[in-house]
Amino acid sequence: MYVCLCKAITDKQIKDAAYNGATSMRCLNKDLGVATQCGKCAVTAKQILREHKSQV
Ligand code: FES
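Here's a quick rundown of the structure.

**Details of the nonpolar core**
Moving on, step 1. Core analysis: the biggest nonpolar cluster contains 15 residues, and V3, I14, M25, L28, V34 and A45 have the highest contact counts within it.
Moving on, step 2. Elements that contribute at least two residues to this core include exactly β1 (2–4), α1 (11–19), α2 (25–32) and α3 (42–55).
Moving on, step 3. Ranked by residues supplied to this core, first place goes to α3 with four residues.
Moving on, step 4. Excluding residues within four positions of it along the chain, V3 makes contact with I9, T10, D11, I14, C41, T44, A45 and I48.

This is the structure we're talking about:
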């Protein structure tokens, strides 16, 4: 599923980034470019990060 339409980033890419050590939105911004345009995906991206952290 696409999370960030502006940058065409999927939830899987965000999960992979989290698995590889991304711990914050800043990391996701830098690594993938999530939420660097309209910002609408930020809430969903944060939620995916949070879910990943709670599973670790
Ligand atoms: Fe992610 Fe627009 S949907 S920046």
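**Brief notes about the environment of V3**
Moving on, step 1. Secondary-structure assignment places V3 in strand β1.
Moving on, step 2. Judged by relative accessible area, which is 11%, V3 ranks as buried.
Moving on, step 3. Taking the C-alpha atoms as reference points, V3 and V34, separated by 31 residues in sequence, lie 8.6 Å from one another.

**Structural notes on α3**
Moving on, step 1. When the terminal C-alpha atoms of α3 are compared, their 20 Å separation across 14 residues agrees well with the 20 Å that a helix rising 1.5 Å per residue should span.
Moving on, step 2. Residues of α3 that are buried: A42, A45, I48, L49 and H52. One face of α3 carries all of its buried residues, which in axial projection span an arc of 130°. Opposite the buried face of α3, at more than 90 degrees from it, the exposed residues are V43, R50, S54 and Q55.
Moving on, step 3. The secondary structure elements touched by the buried residues of α3 are β1, α1 and α2.

**Quick look at the pattern of salt bridges**
Moving on, step 1. Evaluated as defined, the whole model comprises two salt bridges.
Moving on, step 2. With a closest N to O distance of 3.8 Å, D11 and K15 form a salt bridge. Highlighted residues: D11 and K15, both in helix α1, separated by four residues, approximately one helical turn.
Moving on, step 3. Judged by its relative accessible area of 17%, D11 falls in the buried class.
Moving on, step 4. With a relative accessible area of 41%, K15 lands in the partly exposed category.
Moving on, step 5. One salt bridge in this structure joins D16 and K12, with 3.0 Å as the shortest N-O distance.

Cut-offs and rules
Residues numbered from 1 in each chain as written. Predicted model: local features only at pLDDT ≥ 70, side-chain atom pairs only at ≥ 80, totals over all residues. Heavy atoms only, no water. Core = buried A, V, L, I, M, F, W, Y, C linked by side-chain atoms within 4.5 Å. Buried < 20%, exposed > 50% of the residue type's maximum accessible area, 1.4 Å probe, protein only. Helix = DSSP H or I, 4+ residues; strand = E, 2+ residues; numbered from the N terminus. Contact = heavy atoms within 4.5 Å. Expected span 1.5 Å × (residues − 1). Arc of directions from axis to C-beta. Salt bridge = Lys/Arg side-chain N within 4 Å of Asp/Glu carboxyl O.

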